[in-house]
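# Descriptive structure summary
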Amino acid sequence: MKVTILGSGTATPSLKRNSSGLFIETVGANILLDMGPGSLRRMCEAGIDYRNIDLIILTHFHPDHVVDFISFLFASNYAYGPMRTDPFHVVGPVGLKKFHGSLVEIFGSWVIPSNNRMLTHEMSADSPDCLQIKDVGIMSRPAAHSFPSLSYRLEAEGKSITISGDTDVSENLVDLAKGSHTLICECSLPDSMKAHGHLTPSEAGLIAAKADVERLILTHFYPPCESEDIVSQARRIFKGSVLKAEDLMTVDFNS
Ligand SMILES: [Zn+2]
Ligand SMILES: [Zn+2]
């Protein structure tokens, strides 16, 4: 399993930090988790072909997490060159089908992949849920953010990672992450600037400590995170490894 950070930023436009996006590679699947604006461009920079994506997982429907899903759907029918014919899966909280239906109302058939190639799977927005797609076990819990929002745990090749999505402090996230090797956790603002619906470094550190993960990767940074030592703020609480995500950074779970 290998993870590439496509976007470690938020809604604030930034050359350094794209909006949210992760690329996760397992033996059996190429996965995108969230697709904020610019994710497709970052994929080009990372050498990831959009035609090879087997599974898209969406945490919630805020624009900084889903805008490039629209561009992806359009490209899946109308980009130049050979097109993918294999199906691909899209997973999200209950509301995913309504979200896509709304896109179809606006954009029409341009965002309906031809030959029923897109297979959608809704996961419970208010209770624990799980799903298996290809070699990837997907577990979800409601996140403490706008409704519906989910945190996910992915398991493949005997490895497991938990991705918070956007969330405030959440025992659901602690439960979900328990026993995971790595927690990729949102950390929107430094300790001095707590915002409702999001986490500070200390809060992310406390969740990682309670879940007893080995490694915490902080991501989803608004600009004030650049002027404070947020890694030290998390390390005061969590004694495992702490990394600050950077766009195009890769973490290889096999090495
Ligand atoms: Zn966000
Ligand atoms: Zn959000």
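These notes cover the structure that comes with them. (Residues numbered from 1 in each chain as written. Chains lettered and ligands numbered in written order. Predicted model: local features only at pLDDT ≥ 70, side-chain atom pairs only at ≥ 80, totals over all residues. Heavy atoms only, no water.)

### Overview of the sheet that holds strand β3 (residues 30–35)
- In space, the 7 strands of this open sheet follow the order β6-β5-β4-β3-β2-β1-β14, with mixed pairing throughout. Each of the sheet's edge strands pairs with one partner strand only, and the pair in question is β6 (118–123) and β14 (250–252). Adjacent strand axes in the sheet meet at a mean angle of 20 degrees, parallel and antiparallel pairs treated alike.
- When strand β1 (residues 2–7) meets strand β2 (residues 21–25), the two strands line up antiparallel, connected through 5 bridges. Across the sheet, residue Thr-4 finds its bridge partner in β2, namely Phe-23. (Pairing = 2+ DSSP bridges. Helix = DSSP H or I, 4+ residues; strand = E, 2+ residues; numbered from the N terminus. Axes fitted to C-alpha atoms, helices over the stretch in contact; angles between N-to-C directions.)

### Re helix α5 (residues 201–211)
- Taking burial as the measure, the 11 residues of α5 include 8 buried ones, the bulk of the element.
- Turning to α5, its buried residues are Pro-201, Ser-202, Glu-203, Ala-204, Gly-205, Ile-207, Ala-208 and Ala-211.
- Each element contacted by the buried residues of α5 is listed here: α4 (171–177), β11 (182–186), β12 (215–219) and α6 (230–235).
- Looking at the residues trailing α5, positive phi occurs at Asp-212, about 60 degrees. (Buried < 20%, exposed > 50% of the residue type's maximum accessible area, 1.4 Å probe, protein only. Contact = heavy atoms within 4.5 Å.)

### Quick look at helix α3 (residues 96–107)
- With 12 residues, α3 ought to run about 16 Å at 1.5 Å a step, and its terminal C-alpha atoms sit 16 Å apart, in line with that.
- What α3 keeps buried is the set Leu-96, Phe-99, His-100 and Leu-103. Projected down its long axis, α3 shows its buried positions confined to an angular sector of 95 degrees, all on one face. Of the residues in α3, the exposed ones pointing more than 90 degrees away from the buried face are Lys-98 and Glu-105.
- On its buried side, α3 packs onto α2 (63–78), β5 (88–93) and β6.
- One or two steps after α3, the chain reaches Gly-108, where phi turns positive at roughly 70 degrees. (Expected span 1.5 Å × (residues − 1). Arc of directions from axis to C-beta.)

### Thoughts on the environment of Ser-19
- Among the structural elements, Ser-19 can be located in the loop between β1 and β2.
- Between the C-alpha atoms of Ser-19 and Gly-9, which are 10 residues apart in sequence, the distance is 4.6 Å.
- Excluding anything up to four places from it in sequence, Ser-19 contacts Gly-7, Gly-9, Thr-10, Gly-36, Pro-37, Ser-39 and Asp-64.

### Some words on a nonpolar patch on the surface
- Judged by side-chain polarity, Phe-74, Tyr-78, Ile-106, Phe-107 and Trp-110 come together as a nonpolar surface patch covering roughly 560 Å² of accessible area.
- For the nonpolar patch, the secondary structure elements donating two or more residues are α2 and α3.
- Here Trp-110 shows up in the loop between α3 and β6. (Patch = residues over 30% accessible without salt bridge, like charges linked within 9 Å, V, L, I, M, F, W, Y side chains within 5 Å. Areas by Shrake-Rupley, 256 points an atom, 1.4 Å probe, with all protein chains shown as cover. Salt bridge = Lys/Arg side-chain N within 4 Å of Asp/Glu carboxyl O.)

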